[in-house]
Amino acid sequence: MTFPEFDRLPWDGPDRLVFDGVAVEFCAPPLLYERDSVDGRFIVGRTPGMLRALLRELGGRTPARIVDIGVYKGGSMVLLNELFRPEALLGLEINAADIAPLTRYLVERGGGRLRWARGIDQADRKSVHLACDRTFGDAPIDLVIDDASHWYAKTLASFTALFPRLATGGCYVIEDWAWAHWPDPHWQRDFGGPHFADRSPLSNLLVDLMLLVAGAPSAFERVAFDAVAIYVTRGAGELARDFDPFALQHNRGQPIPRFAPSSGARAPVHESPGFVFRGGGR
Ligand SMILES: C[S@@+](CC[C@H](N)C(=O)[O-])C[C@H]1O[C@@H](n2cnc3c(N)ncnc32)[C@H](O)[C@@H]1O
């Protein structure tokens with residue numbers, strides 16, 4: 001297919017795309033928590049700007065096999081399918097609850113190409129591999145988008161599982177890496193609420209990636225980032241599944257600098273069952 005250009009997408013207003021009768025609405029909190037996906041209209045928890053940045057980063061490549069970690073209301077799976085018409089798309093979600101409109105969409109528009117694996121923790125590498133084996137077999141993955149826990153340890157766990165499975169030139173996207181550094185009072189004064197306060201900042205993964213590009217450049221070809229996401233490009237070098245990232249990092253025998261968790265937590269401004277996300281200021 002032709003690679004989609006952002007400005008030529010079927011926009012129906014600044015925050016809404018309509019693909020052949022299926023709408024995808026870009027929503028930010030608190031609207032994101034309040035609106036649910038229904039048949040023919042799906043909610044995606046990102047901004048049009050994030051989509052523009054993703055398309056720019058893919059640079060004309062159309063991913064054929066995609067993993068979407070953190071399905072939430074289903075809009076990201078629908079968007080990825082409508083944009084790229086991949087051969088196979090796998091959604092991974094810790095919440096085991098069904099979203100009936102999404103399940104119907106995947107059957108009706110999928111023709112067997114689209115799978116949603118529910119009740120899977122992104123850190124459970126065994127289950128992640130099993131779901132990938134079932135969806136892709138041995139075929140390499142072209143694009144992974146991790147918009148799930150945003151916790152360092154879990155995000156690193158699925159990265160070590162999935163990054164080795166990428167095709168050469170494949171792209172691994174980690175969204176919202178900067179939550180510990182966002183200036184909003186919810187993040188600075190309230191420490192992001194209980195979901196994030198005692199967690200290690202995800203920016204530590206950016207530190208890891210910087211050192212992995214230095215330590216194993218054949219496998220970690222390039223790391224780029226903007227305010228909302230990290231983009232890691234897979235090189236051709238061999239990399240074992242579930243590799244140990246710390247064995248590939250070198251700092252002349254010195255400890256690697258780390259961002260620390262905060263020391264306490266106040267009540268979150270916005271909370272949804274699975275996660276707390278970018279609460280606005282009070
Ligand atoms: C920010 S939302 C995802 C939004 C979605 N990608 C979109 O663009 O509309 C985060 C989702 O990740 C899920 N999640 C949180 N922790 C997870 C984990 N450890 N493993 C898998 N999914 C997780 C949450 O249940 C929630 O549905």
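Residues numbered from 1 in each chain as written. Predicted model: local features only at pLDDT ≥ 70, side-chain atom pairs only at ≥ 80, totals over all residues. Heavy atoms only, no water.

Participant: Even after reading the chapter, I still don't get the sheet that holds strand 9 (residues 220-225), so can you show me in this structure?
Facilitator: Taken together, the seven strands give an open sheet; going across it, the order is 6-5-4-7-8-10-9, and neighbouring strands pair in mixed fashion. Looking along the sheet, the strands with just one partner apiece sit at the ends: strand 6 (114-118) and strand 9. The mean inter-strand angle of the sheet, taken between neighbouring strand axes irrespective of direction, is 15°. Two elements, strand 5 (residues 88-93) and strand 6, share five bridges in a ladder whose sense is parallel. The residue bridging Glu 93 from the neighbouring strand is Arg 118, located in strand 6. Packing of helix 2 (residues 48-58) onto the sheet brings it into contact with strand 7 (141-146), strand 8 (166-175), strand 9 and strand 10 (229-234), and relative to strand 8 it is tilted by some 160°. (Pairing = 2+ DSSP bridges. Helix = DSSP H or I, 4+ residues; strand = E, 2+ residues; numbered from the N terminus. Axes fitted to C-alpha atoms, helices over the stretch in contact; angles between N-to-C directions. Contact = heavy atoms within 4.5 Å.)

Participant: What's the story with the site of the ligand in this structure? I'm lost.
Facilitator: As a matter of local geometry, the ligand sits amid 17 residues, with Gly 45, Gly 70, Glu 93, Asp 121 and Gln 122 nearest to it. Measuring from a nitrogen atom of the ligand, one finds a side-chain N or O atom of Asp 147 at 3.0 Å. Across the complex, the protein chains shield 97% of the 600 Å² of accessible surface that the ligand would expose by itself. Per-class residue counts for the shell around the ligand are seven nonpolar, five polar and five charged. (Near = heavy atom within 4 Å. Polar contact = N/O pair within 3.5 Å; in protein donor to acceptor, adjacent residues only side chain to side chain. Areas by Shrake-Rupley, 256 points an atom, 1.4 Å probe, with all protein chains shown as cover. Nonpolar A, V, L, I, M, F, W, Y, C, P; charged D, E, K, R; others polar.)

Participant: Quick question: what am I supposed to make of the packing of aromatic side chains here?
Facilitator: Each aromatic ring pair is specified by the distance between its two centres and by the angle formed by the two planes. With the rule as written, the count across this model stands at 15 aromatic pairs. Judged by centre distance (4.8 Å) and plane angle (80°), the ring pair of Phe 159 and Tyr 172 falls under edge-to-face. Taken together, the residues span a long stretch of sequence, with Phe 159 in helix 6 (residues 152-162) and Tyr 172 in strand 8 at a distance of 13 residues. Accessibility assignment for this pair places Phe 159 and Tyr 172 in one class, buried. Judged by centre distance (6.1 Å) and plane angle (45°), the ring pair of Trp 179 and Trp 187 falls under tilted. For Trp 179, a relative accessible area of 4% gives the class buried. (Phe/Tyr/Trp six-rings, centres within 6.5 Å; stacked < 30°, edge-to-face > 60°. Buried < 20%, exposed > 50% of the residue type's maximum accessible area, 1.4 Å probe, protein only.)

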